[in-house]
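# Structural characterization, general
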Amino acid sequence: MRKYLKFWKLGQAELNTQSFDSSRDGELVVREGNYQYNLNNLAHKFGTPLEVAFPFIVEQRLGGLFEIFNRTMKAARYRGKFFYHYPMKASQNKEFVLPILSEGGNLEVTSANELWLVKRMWEQEQFSSRIRVICNGPKTNQYLALIAELRDKGLQITPIIEDKFELAALSTFKGDVGIRLDPEVKVHGRWDKKVNRFGLTAQEIFSFGRIRNLKLLHYHTSKQLEYQEDITAPLKRAMKVYVKLRQSNPNLDMIDLGGGMPVPFEKRPLFSTEGVVKRIVRIVQKTCDQAGIPHPDILVEWGSYLVAPAQVTIYRALSEKPIKGAMAKQWYIIDGSFMNDLKDTWAIHQKWHMVPVNRLNSKKLVRTWLAGLSCDSDDRYTAGGKYVLLPPLDTLEPGEQQYLAVFDTGAYQDALASHHCLLSSPMKIVIQNGVITVARKRETAEEVGREFGW
Ligand SMILES: Cc1ncc(COP(=O)(O)O)c(C=O)c1O
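The model shown is predicted, which means the values in this text are computed figures rather than measured ones.

### Let's talk about the domain arrangement of the protein chain
- Under the domain assignment used here, the protein chain contains domain 1 (3-55 + 310-450) and domain 2 (78-302).
- Distance between the C-alpha centres of domain 1 and domain 2: 34 Å.
- Taken together, the contact pairs 25 residues of domain 1 with 17 residues of domain 2.
- Carbon and sulfur atoms make up 58% of the surface buried where domain 1 meets domain 2, a total of about 1800 Å² over both sides.
- Considering only the surface of domain 1 that becomes buried against domain 2, L15, D408 and Y412 emerge as the three largest contributors, covering 28% of it.
- In this structure, the connection of domain 1 to domain 2 is made through 3 salt bridges.
- Taking the shortest distance from any N to any O, the salt bridge between K428 and E95 comes out at 3.5 Å.
- Looking at the side of domain 1 that touches domain 2, the elements with two or more residues in it are α14 (413-416) and β20 (427-432).

### Points about the site of the ligand
- The immediate surroundings of the ligand are formed by 16 residues, with G260, E301, G303, S304 and Y412 found nearest.
- Separating an oxygen atom of the ligand from a backbone N or O atom of G303 is a distance of 2.9 Å.
- Calculation on the ligand without its partners gives an accessible area of 400 Å², and the protein chains cover 95% of this total.
- Taken together, the residues of the shell around the ligand sort by class into 4 nonpolar, 7 polar and 5 charged.

### Some details on the packing of helix α5 (residues 112-123) against helix α6 (residues 141-152)
- Running from amino to carboxyl end, α5 crosses α6 at an angle of 25 degrees, the nearest separation of the two axes being 9 Å. Looking at the two axes, α5 sits roughly parallel to α6. Crossing angle aside, the handedness with which α5 passes α6 is left-handed. Contacts from A112, N113, L115, W116, K119, W122 and E123 in α5 reach Q142, Y143, L146, I147, E149 and L150 in α6.
- A breakdown of the residues in the contact of α5 with α6 according to their chemical character gives 8 nonpolar, 2 polar and 3 charged.

### A look at the sheet that holds strand β2 (residues 28-32)
- The 3 strands lie next to each other as β1-β2-β3, forming an open sheet whose pairing is antiparallel. The strands lining the two open edges of the sheet, one partner per strand, are β1 (20-22) and β3 (35-38). On average, each strand axis in the sheet is inclined to that of its neighbour by 35 degrees, with strand direction left out of account.
- Where β1 and β2 come together, 3 bridges link them in antiparallel fashion. The residue of β2 that forms the bridge with F20 is V30.
- Set on the sheet, helix α2 (residues 39-46) makes contact with β1, β2 and β3; between it and β3 the angle comes to about 55 degrees.

### Here we look at helix α9 (residues 229-248)
- Taking 1.5 Å per residue, 20 residues should reach 28 Å; α9 reaches 30 Å between its end C-alpha atoms and fits that length.
- Within α9, the full set of buried residues consists of D230, I231, T232, P234, L235, A238, M239, V241, Y242, V243, L245 and R246.

### Here we look at the pattern of salt bridges
- Summed over all chains, the structure comprises 24 salt bridges.
- The partner of E274 in a salt bridge is R71, and the shortest N-O contact between them spans 3.2 Å. A residue pair is termed long-range when its members are at least 10 positions apart, and E274 in helix α10 (residues 273-291) and R71 in helix α3 (residues 55-75) qualify at 203 residues.
- Judged by its relative accessible area of 31%, E274 falls in the partly exposed class.
- Here R71 falls in the partly exposed class, since its relative accessible area comes to 37%.
- Note that K215 and D253 form a salt bridge whose closest N and O atoms lie 3.2 Å from each other. Of this pair, K215 sits in strand β10 (residues 214-218) while D253 sits in the loop between α9 and β11 (254-256), placing them 38 residues apart in sequence.
- Residue classification places K215 among the partly exposed positions, given a relative accessible area of 22%.

### Some remarks on the packing of aromatic side chains
- Applying the stated rule across the entire model yields 14 aromatic pairs.
- Geometrically, the ring pair formed by F54 and F56 is edge-to-face, given 5.9 Å between the ring centres and 70 degrees between the ring planes.
- Aromatic pair W331 and W369: ring centres 5.6 Å apart, planes at 65 degrees, arrangement edge-to-face. Highlighted residues: W331 in strand β14 (residues 330-334) and W369 in strand β16 (residues 366-371), separated in sequence by 38 residues.

Scoring rules and cut-offs
- Residues numbered from 1 in each chain as written.
- Predicted model: local features only at pLDDT ≥ 70, side-chain atom pairs only at ≥ 80, totals over all residues.
- Heavy atoms only, no water.
- Domains from an automatic or database assignment.
- Contact = heavy atoms within 4.5 Å.
- Buried area = accessible area lost by both parts, 1.4 Å probe.
- Salt bridge = Lys/Arg side-chain N within 4 Å of Asp/Glu carboxyl O.
- Helix = DSSP H or I, 4+ residues; strand = E, 2+ residues; numbered from the N terminus.
- Near = heavy atom within 4 Å.
- Polar contact = N/O pair within 3.5 Å; in protein donor to acceptor, adjacent residues only side chain to side chain.
- Areas by Shrake-Rupley, 256 points an atom, 1.4 Å probe, with all protein chains shown as cover.
- Nonpolar A, V, L, I, M, F, W, Y, C, P; charged D, E, K, R; others polar.
- Axes fitted to C-alpha atoms, helices over the stretch in contact; angles between N-to-C directions.
- Parallel < 35°, antiparallel > 145°, perpendicular 65-115°, else oblique.
- Left-handed = near helix turned anticlockwise from the far one by under 90°.
- Pairing = 2+ DSSP bridges.
- Expected span 1.5 Å × (residues − 1).
- Buried < 20%, exposed > 50% of the residue type's maximum accessible area, 1.4 Å probe, protein only.
- Phe/Tyr/Trp six-rings, centres within 6.5 Å; stacked < 30°, edge-to-face > 60°.

Put into structure tokens, the structure is as follows:
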């Protein structure tokens, strides 16, 4: 293996970089079977900033997840089924949602507008009538009306009750309902707030007595749960509640673990999917066997896990500037914005893996911080006060550009994106089966201005 591949952490399945490699000339390439895409050529051709989405990576990840759950359940003689529900909030982009459906995924939505997209697909008969949709999030009247409408049209739709007002609003709903538990278990994750506003405590749920048409118990603790125990501890708690709840709700037969399966953003190996799935199945099975009740169907809503690794964002370094008295020696000024295009950099101090798109084999690398195009001093990336190693620009050949790729940008960043300083969002291309399509053109000044009434 070329030494620099290891350095840039390319070609490693446990880091989700198995599809990435280097060309002989040190350019970043992506492999889909025997197809190979050169990201340096694509950056030249389409310009930057550029988002490159790989639906085939989403398909591979979902196929792998089905395989792991089904194999584990079969080996354990588990009698419930596994359902994957894609949380659309992770990326509502069509180029991800449609392949997930075609691979057998179901959906989870959080707003009336997301559900409206489902309605459109349903009316256009874009998916099979067996599809299941879970509705989380606060239920406005518009959202409730759409849920009722789609249920009446024959969609298998399960609204999740999140508080006592929703319990009342859904008391006449004709289909199955779920209820969201606050497991009250402390986890290490991005949502680990002192006070949780989501879901109902076990006490509150039990106080409702029998809940009409209750089919599913749901909880979601946080995103990016980097320790296995942060997945298993809330599950153990939820299963205790499940067993008790079933006494008064005999139709209850689904447990939904929500999202939170982590992504190795920093390219440190995390726990294996195999290992945690084995533990999930064992916990649910053991609790039910001890209580003498049937095994429920197991649902997960792992969003980032599925789609984050299926997109990279490419920028060009416009210039470099020296830095004095810091961990880094130079700034790269890039032709996009962290605050606008990769909002989590600013919002939750997300760390990203960054790799040069050309000159991967550069012998000289400099400690670099990156600055975005907006006027904001927060529009920067410092790898949490450390630095990123990147080739210096003064060693570029005349006419050569330096591009860099930010990995794992496929979850949440598109919907969170904004237009600070009226900057245009990156152009987006989609690569699948050797075909490259433009999913979103680069916005013109006129188009961005129009959003502000001009
Ligand atoms: C209810 C629910 N399910 C699933 C998810 C997806 O989480 P993740 O992308 O971390 O898997 C979220 C994220 O906010 C959520 O709120």
